[in-house]
Amino acid sequence: RAVLTPIDLRHLRPDEVLFWSDLHWGHNRDFIYGPRGFKTVEEHDETLVHRWNEVCTDQSTVFHLGDLVFKDPEGKRFEELVRRLRFKTLYHLWGNHQSGSKQVYQRVLLESCLQLAGVAEVYPLSWWPRGQPDHTVVFLPQYVEVNVGKVETLVLQHYAIESWNRMAKGSTHL
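Throughout what follows, the structure given in this document is the object of discussion.

## Digging into the overall build of the chain
When you go through the chain residue by residue, the secondary structure sums to 4 helices and 9 strands. Secondary structure of the chain in N-to-C order comes out as β-β-α-α-β-α-β-α-β-β-β-β-β. The C-alpha radius of gyration of the chain comes to 16 Å, within 12% of the 16 Å expected for a compact globule of 174 residues. Judged by the C-alpha coordinates and their principal axes, the chain covers about 45 × 40 × 30 Å. The buried share of the chain, taken over its 174 residues, is 47%. Expressed as a percentage of contacts within the chain between residues at least 6 apart in sequence, the contacts between residues at least 24 apart total 61%. On the chain, the mean spot of the 20 positive side-chain charges and the mean spot of the 22 negative ones are 2 Å from each other.

## Considerations on the pairing of strand 8 (residues 153–156)
The side-chain alternation of strand 8 yields two buried faces, one formed by T153 and V155 and the other by L154 and L156. With 3 bridges connecting them, strand 7 (residues 144–147) and strand 8 associate as antiparallel partners. Each residue of the ladder has a partner; that of V144, found in strand 8, is L156. Across 3 bridges, the pairing between strand 8 and strand 9 (residues 171–173) is parallel. Across the sheet, residue L154 finds its bridge partner in strand 9, namely T172.

## Quick word on helix 3 (residues 76–84)
Within helix 3, the full set of buried residues consists of F78, E79, L81 and V82. Projected onto a plane normal to the axis of helix 3, the buried residues spread over an arc of 165° and lie on a single side. Those residues of helix 3 that are buried lie in contact with helix 2 (41–55), strand 4 (89–92), helix 4 (101–111), strand 5 (125–127) and strand 6 (136–139).

## Structural notes on the side chain of H44
As for its placement among the helices and strands, H44 is situated in helix 2. Taking the relative accessible area as the measure of exposure, H44 reaches 0% and is therefore buried. Within polar-contact distance, the side chain of H44 engages the side chain of D45 at 2.9 Å. With residues up to four places along the chain from it excluded, the contact list for H44 reads L23, H24, I32, Y33, R36 and F38.

## Considering the nonpolar core
Counting residues in hydrophobic clusters, the biggest one holds 28 residues, and the most contacted among them are W52 and F139. Here the element with the most residues in this core is helix 4; it accounts for 4 residues. The contacts of F139, once residues within four sequence positions are left out, are F78, H92, W94, S101, V104, Y105, Y123, P124, L125 and W127. Listed in part, the 15 residues of the second largest apolar core include L12, Y91, L140 and L156.

About the criteria used
In every chain, residue numbers begin from 1 and rise along the written sequence. Under the rules for a predicted model, residues below a pLDDT of 70 receive no local features and side-chain atom pairs below 80 are neither given nor counted, while totals for whole chains, interfaces and linings still include all residues. Note: side-chain values were computed over all heavy atoms of the structure, leaving out hydrogens and water. Helix and strand definitions here come from DSSP, where helices need a minimum of 4 consecutive H or I residues and strands a minimum of 2 consecutive E residues; each element is numbered from the N-terminal end. Put simply, the radius of gyration uses C-alpha atoms, and a globule should come to 2.2 Å times the residue count raised to 0.38. Here's how the labels work: a residue is buried when its accessible area is under 20% of the maximum for its type, exposed when over 50%, partly exposed in between, all with a 1.4 Å probe on protein chains only. Contacts: residue pairs with any heavy atoms within 4.5 Å of one another. In this charge count, Lys and Arg are treated as positive and Asp and Glu as negative; neither His nor the chain ends contribute. Charged side chains are reduced to one point each, which is NZ for Lys, CZ for Arg, CG for Asp and CD for Glu. In this scheme, strands are said to pair when DSSP sees at least two bridges between them. In this context, the arc is that of the directions from the helix axis out to the C-beta atoms. Whenever a nitrogen or oxygen atom comes within 3.5 Å of another N or O atom, the pair is scored as a polar contact, on the condition that within protein one atom can donate a hydrogen and the other can accept it, and that pairs from neighbouring residues in sequence are kept only if both atoms are in side chains. The definition of a nonpolar core used throughout is a set of buried Ala, Val, Leu, Ile, Met, Phe, Trp, Tyr and Cys residues joined through side-chain atoms within 4.5 Å.

Read these as layout, nothing more, since geometry by itself doesn't imply function.
Below you can see the structure in the form of structure tokens.
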């Protein structure tokens, strides 16, 4: 797996950086949407888009910590969703449900001709779902460190972990 230097976002105000996880958009199982207070997956999905867009702006930097879309073997639902969400930059980390995002990642990697050079994975890898860099999805590996505001370091990963870099020296795991 790739290891990146910490992403430095200290130039942004902390309220311009948002964190989401486990949207499970399209996960048509009542044990997902039922406990969240929804009667159908469609109600769940539309409400999540609405809530996201209420909180995020077109200038927001957003980290999604995995499981954004469910059961999307061609990546079309992932593309539809990110085109509907408000953000300037969406940093996408992998979770245990990678459907949709993985297909788009692989297609962007292929279009970048990096697979032809024998490269299996590249991080960070950027994609512009609206064809413009003012709406950028950045694919990241499963473990990332970020500096935001005055916080020492945020450690981001989809999975709970017992130990992380600088955990006893001011870093926080989300």
